[in-house]
Each structure stands twice: as structure tokens, then as C-alpha cells.
Amino acid sequence: MMTSAVDPRYEPPRDWPTTEAEAIAVQERTRTSVVIGGEVPEPGTGTGAVVGVDVAYDDERDVVAAAAVALDARDLTVVAEATAVGRVTFPYVPGLLAFREIPAVLGALGDLHRRLGRRPDLVVCDGYGLAHPRRFGLASHLGVLTGLPTIGVAKNPFGFRHADPGPRRGDWSPLLDGDEEVGRALRTRDGVKPLFVSVGHRVTIADACAYTLHLARDYRLPETTRRADALCRRALKDAGM
């Protein structure tokens with residue numbers, strides 16, 4: 001299922017799971033393709049784009065809307081955006097949300113890539129990467145499917161334990177499953193509750209945290225997440241399905 005970093009693909013596999021058992025089997029089988037570490041441009045440098053993805057649901061209509069927003073890597077201005085709307089085809093199961101979200105996210109990412117005309121430097125997901133019970137959250141799954149560098153930045157720690165990081169912006173503490181560090185609790189604003197950052201694919205945890213701080217320049221949440229969240233909500237509201 002892993003694709004080349006040179007040639008991203010934006011379609012889910014043909015055998016996309018429809019049951020919980022199938023989805024768990026895919027996670028167990030595919031998580032070995034995750035690459036921890038890699039080289040991404042230093043935050044705030046280069047001429048590339050950093051992309052945020054997010055989704056919104058209308059459970060009454062079984063509709064999901066995904067958004068992908070590309071920001072200039074240096075000044076965080078919006079340079080392109082895209083949405084995709086579709087039917088929810090997988091039930092809600094904690095730990096398996098990627099199977100509800102990825103088909104629409106891939107559609108939005110593919111459209112965005114065409115508009116950009118180049119690969120993004122990094123994709124930031126509103127969710128988890130390695131900070132997942134099977135070490136294969138949305139950010140990791142999306143990274144393996146596309147070959148793109150990805151990170152997960154979540155609002156909650158998914159049940160893993162952590163000490164409270166120091167009170168200043170940039171302070172962090174390890175997010176732990178037993179003795180294993182699966183991510184970091186990162187303070188992005190002085191005195192404000194932390195976010196939970198984890199590697200998705202082809203990124204180090206240090207770079208994931210550095211990018212999160214760069215993107216959370218003015219608010220607790222990264223600007224990528226804020227922009228994608230607003231866009232997918234608008235797309236869902238406008239959906240005529």
C-alpha cells in the first residue's frame with residue numbers, strides 16, 4: 001500500500017475496508033511501512049507549502065466534508081485550498097476514524113496538489129500519528145498512502161499519560177504508553193493547555209514539534225488546522241447531498 005515519495009497518489013486502495021475486523025487487519029499489516037524520521041525544510045524557510053487537512057460530518061445525512069489548505073511555508077498566507085464531499089462509508093469506531101475520513105481527505109489533497117502544481121513540504125492532520133493504540137493513526141495512514149511527510153496534532157491525548165509540560169510556549173513533556181514515547185504534549189501558548197503532537201510519516205518528533213510551534217504563531221492551534229477546520233465546515237454547510 002505504500003507509494004513513492006516522488007509520485008503521490010490520492011486514491012484509497014480498491015480493497016478499502018468496510019468492517020472493523022478488516023480495518024484493524026489493514027492497520028496491523030500496513031503500520032510497518034511507517035518511516036520515523038526524514039528531512040523536511042526548516043520551519044519558516046524555503047519556497048514550499050505546508051498543508052492542513054480536516055473533516056466535518058453531518059451524521060444525519062451520512063455526509064463527510066474534507067478540506068485541504070496550503071499555506072506559504074514562510075509567512076503562513078493561504079496559497080491554495082480545496083474540498084471534497086462524500087458519503088460516510090465506515091462506522092464510527094474509536095481508533096479507526098481514518099477509514100471514515102481518508103477517502104474524502106485524499107480527494108481534497110489531490111485537488112489541492114493539482115492547484116499548487118507541486119508537492120507540499122508537510123501535511124498536518126488534526127488527529128494522531130504514532131500516538132494511536134496500534135501506532136497507525138490518520139496522519140501515519142495518510143502518509144503511507146501518499147508518501148508525503150505527515151504529522152498529527154491533536155487536542156486530546158487519546159488516553160496516553162503525560163506530565164504537565166512547563167507553562168511557557170515551547171515547553172513539552174513526553175506522551176507515554178508504558179515506557180514508550182508515542183508523541184509529545186507541547187505548549188503552544190503561555191499558560192494554555194497543550195496540544196499532542198506525534199510523528200505521522202517521514203518526519204522526526206523534533207521537526208513535528210518545531211513545525212507545530214511555527215504554525216501556532218498566533219493561536220493555540222496551528223494555522224493549518226484553523227484554516228482547514230473553517231473550510232470543511234463551510235463545505236459541509238454548502239453540500240447539497
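Residue indices follow the written sequence of each chain, beginning from 1 at its first position. Per-residue local features of the predicted model are confined to residues with pLDDT of at least 70, and side-chain atom pairs are confined, for both listing and counting, to 80 or more; whole-chain, interface and lining totals are unaffected and use all residues. As a rule here, side-chain values cover all heavy atoms of the structure and leave hydrogens and water aside.

### Things to note about the overall build of the chain
Turning to step 1, where the next piece is worked out: Secondary structure elements are defined from DSSP: runs of H or I of at least 4 residues count as helices, runs of E of at least 2 residues count as strands, and each element is numbered from the N terminus. Helices and strands together make up the secondary structure of the chain, namely five helices and eight strands.
Turning to step 2, where the next piece is worked out: The order of α-helices and β-strands along the chain, N terminus first, is α-β-β-β-α-β-α-β-β-β-β-α-α.
Turning to step 3, where the next piece is worked out: When we talk radius of gyration, it's over C-alpha atoms, and the globule rule is simply 2.2 Å times the number of residues to the 0.38. Its C-alpha atoms give the chain a radius of gyration of 17 Å, within 12% of the compact-globule value 18 Å for 241 residues.
Turning to step 4, where the next piece is worked out: Here the C-alpha coordinates of the chain stretch approximately 45 × 40 × 35 Å along the principal axes.
Turning to step 5, where the next piece is worked out: The buried share of the chain, taken over its 241 residues, is 55%.
Turning to step 6, where the next piece is worked out: Contacts are assigned to residue pairs that have any heavy atoms within 4.5 Å of one another. Counting contacts in the chain only where the partners sit at least 6 residues apart, residues at least 24 apart contribute 68% of the total.
Turning to step 7, where the next piece is worked out: Each accessible area is a Shrake-Rupley result for a 1.4 Å probe, and residues are judged covered by the shown protein chains and nothing else. Accessible surface, the chain as shown: approximately 10,600 Å² in total, 48% of it carbon and sulfur.
Turning to step 8, where the next piece is worked out: Working convention for charge: Lys and Arg count positive, Asp and Glu count negative, and His plus the chain ends are omitted. Where a charge sits is defined by one atom per residue type, namely NZ (Lys), CZ (Arg), CG (Asp) or CD (Glu). Distance between charge centres in the chain, computed from 30 positive and 32 negative side chains, equals 2 Å. The cut-offs for exposure are 20% and 50% of the maximum accessible area for each residue type, with area from a 1.4 Å probe on protein chains only; residues under the lower value are buried, those over the upper are exposed, and the others partly exposed.

### Comments concerning the packing of helix α2 (residues 98-116) against helix α3 (residues 138-146)
Turning to step 1, where the next piece is worked out: As a packed pair, α2 and α3 sit with axes 11 Å apart at the nearest point and diverge in direction by 45°. Between α2 and α3, the angle is such that the two are oblique. Every pair of crossing elements has a handedness; the one defined by α2 and α3 is right-handed. Contact with α2, carried on its side by A98, F99, E101, I102, V105, L106 and L109, involves L138, H141, L142, L145 and T146 of α3 and no other residues of that element.
Turning to step 2, where the next piece is worked out: Taken together, the residues of the contact of α2 with α3 sort by class into nine nonpolar, two polar and one charged. Interaxial angle, 0 to 180 degrees, is taken between N-to-C directions of lines fitted to C-alpha atoms, where a helix line uses only the stretch in contact. When describing relative orientation, an angle under 35 degrees is termed roughly parallel and one over 145 degrees roughly antiparallel, while 65 to 115 degrees is termed roughly perpendicular and anything else oblique. Crossing handedness is defined as follows: a turn of the near helix away from the far one that is anticlockwise and smaller than a right angle gives a left-handed crossing, while the clockwise case is right-handed. Classification used: nonpolar for Ala, Val, Leu, Ile, Met, Phe, Trp, Tyr, Cys and Pro, charged for Asp, Glu, Lys and Arg, polar for all others including Gly.

### Overview of the UniProt feature "site: Interaction with target DNA" (unreviewed entry) in the chain
Turning to step 1, where the next piece is worked out: UniProt positions are given in the numbering used here, feature names are shortened, and annotations may be inferred rather than shown by experiment. Here, the residues flagged by UniProt with the feature "site: Interaction with target DNA" (unreviewed entry) are Y92.
Turning to step 2, where the next piece is worked out: Residue position: Y92 is located in the loop between β3 (78-87) and α2.
Turning to step 3, where the next piece is worked out: With residues near it in sequence (within four places) discarded, Y92 still touches L97 and R100.

### Description of the sheet that holds strand β2 (residues 63-72)
Paired through their backbone hydrogen bonds, the strands of a sheet run either parallel or antiparallel.
Turning to step 1, where the next piece is worked out: Strand order in the open sheet formed by eight strands is β3-β2-β1-β4-β5-β8-β7-β6, and the pairing between neighbours is mixed. Unpaired on one side and paired on the other, β3 and β6 (172-177) mark the two borders of the sheet. Looking at each pair of strands side by side, their axes are set apart by 25° on average, direction ignored.
Turning to step 2, where the next piece is worked out: Any two strands between which DSSP finds at least two bridges are classified as paired. Taken together, the six bridges between β6 and strand β7 (residues 180-186) define a ladder with antiparallel strand orientation. Bridge pairing links D177 to E180 in β7.

### A look at the side chain of T150
Turning to step 1, where the next piece is worked out: Inspection of the secondary structure puts T150 in strand β5 (residues 150-154).
Turning to step 2, where the next piece is worked out: A polar contact of 2.7 Å, which involves the side chain of T150, links it to the backbone oxygen of A139.
Turning to step 3, where the next piece is worked out: Discounting chain neighbours no more than four positions away, the residues touching T150 are L122, V123, A139, S140, G143, V199, G200, H201 and V203. Within 3.5 Å is the distance limit for a polar contact, defined as a pair of N or O atoms, with the added protein rule that one can donate a hydrogen and the other accept it, and that residues adjacent in sequence qualify only through two side-chain atoms.

### Digging into the pattern of salt bridges
Turning to step 1, where the next piece is worked out: Counted as salt bridges are all cases of a side-chain nitrogen of Lys or Arg within 4 Å of a carboxyl oxygen of Asp or Glu. Tallied over the entire structure, the rule returns 15 salt bridges.
Turning to step 2, where the next piece is worked out: A salt bridge links R168 to D190; the shortest N-O distance between them is 3.2 Å. Of the two residues, R168 sits in the loop between β5 and β6 while D190 sits in the loop between β7 and β8 (195-201), which places them 22 residues apart along the sequence.
Turning to step 3, where the next piece is worked out: Given the relative accessible area of 51%, R168 is considered exposed.

### Concerning unusual backbone geometry
Turning to step 1, where the next piece is worked out: In the Ramachandran plot, L76 falls in the positive-phi region, its phi being about 65° despite a non-glycine side chain.
Turning to step 2, where the next piece is worked out: Here L76 lies in the loop between β2 and β3.
Turning to step 3, where the next piece is worked out: By relative accessible area, which is 4% here, L76 ends up buried.

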